[in-house]
Amino acid sequence: GFFKTIEKFGLVRRFSLFSFGCIFVFTIVFEFAFSSYLRYQLEENDRKYVGDFVVKQIREDLPSAIFTDLKSETKREDIGKIIQDALIFGEIFRVKVYDTEGTIIWSDESRLIGMDFPDNHLLKKALEGKVVSKIEKPKRTEHIYERGKYTEVAEVYVPIYSIDNKNLLGVVEIYKYPLVYLRN
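Since the structure is predicted, the reported quantities are computational estimates derived from the model, not experimental observations.

### Concerning a nonpolar patch on the surface
On the surface, a cluster of nonpolar side chains totalling about 530 Å² of accessible area is made up of Phe20, Phe24, Val25, Ile28 and Val29. In this structure, valine 25 sits in helix H2 (residues 11-61).

### Describing the packing of aromatic side chains
Enumeration over the complete set of coordinates arrives at six aromatic pairs. Between phenylalanine 20 and phenylalanine 24, the aromatic rings sit 6.4 Å apart at their centres with planes inclined by 25°, giving stacked as the arrangement. In this pair, phenylalanine 20 and phenylalanine 24 are both assigned in helix H2, four residues apart and thus about one turn of the helix distant. On the basis of relative accessible area, phenylalanine 20 is assigned to the exposed category, the value being 58%. On the basis of an interplanar angle of 25° and a centroid distance of 4.2 Å, the ring pair of phenylalanine 93 and tyrosine 150 is categorised as stacked. A residue pair is termed long-range when its members are at least 10 positions apart, and phenylalanine 93 in strand E1 (residues 92-98) and tyrosine 150 in the loop between strand E3 (132-136) and strand E4 (153-161) qualify at 57 residues.

Here is what the cut-offs are and how they apply
In every chain, residue numbers begin from 1 and rise along the written sequence. A pLDDT threshold of at least 70 governs which residues receive local features in this predicted model, and a stricter bar of 80 or more applies before side-chain atom pairs are shown or counted, although totals over entire chains, interfaces and linings include all residues. As a rule here, side-chain values cover all heavy atoms of the structure and leave hydrogens and water aside. Residues with no salt bridge and a relative accessible area higher than 30% make up the patches, which join like charges within 9 Å and nonpolar side chains (Val, Leu, Ile, Met, Phe, Trp, Tyr) within 5 Å. What sets the accessible areas is the Shrake-Rupley method with a 1.4 Å probe; for residues, cover comes only from the shown protein chains. Counted as salt bridges are all cases of a side-chain nitrogen of Lys or Arg within 4 Å of a carboxyl oxygen of Asp or Glu. Secondary structure is summarised from DSSP: a helix means a run of H or I of at least four residues, a strand means a run of E of at least two, and numbering begins at the N terminus for each. Pairing of aromatic rings covers Phe, Tyr and Trp, the last through its six-membered ring, and needs centres within 6.5 Å; plane angles under 30 degrees mean stacked, over 60 mean edge-to-face, and all others mean tilted. Residue burial is assigned from relative accessible area. The probe radius is 1.4 Å, only protein chains are included, and a residue is buried under 20% of its type maximum, exposed over 50%, and partly exposed in between.

Written out as structure tokens, the structure reads:
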């Protein structure tokens with residue numbers, strides 16, 4: 001077998017094969033560890049900076065009644081324009097606004113309005129008050145309009161509270177191109 005063939009090699013050849021094998025395994029393990037660490041750092045960065053940015057933009061540019069006004073079809077278009085102007089730029093390509101029940105009450109993709117995705121565990125965490133981010137292939141049920149267009153998406157879910165920070169008003173979800181970060 002394999003080991004009998006190796007025994008026929010001289011000491012230098014055996015050492016070379018062993019060294020090559022160790023370097024190969026180390027490279028694979030290091031690449032996996034480094035890519036996992038980089039992904040974790042990108043998600044942490046999104047959780048912190050994008051979360052703060054979304055809260056700041058929503059509070060500065062929109063009235064506190066945004067979540068109730070978005071349920072009104074007559075006001076939805078005007079508020080949607082403000083949301084688009086405030087949040088969709090650069091690497092951000094999709095915004096969804098959820099009410100406290102997890103139903104989409106506004107999105108730049110209007111076909112999503114009125115939908116809910118009960119299996120969305122990231123949204124559930126955001127509805128509990130946590131800023132959540134994830135970089136992944138668009139394969140979950142909520143990615144119906146991203147599948148086939150994007151190889152990976154970075155999602156950030158940001159809970160939005162009333163000015164006094166007592167009442168959860170809803171959640172804003174941002175979709176970004178993660179490759180912008182990977183190039184930098």
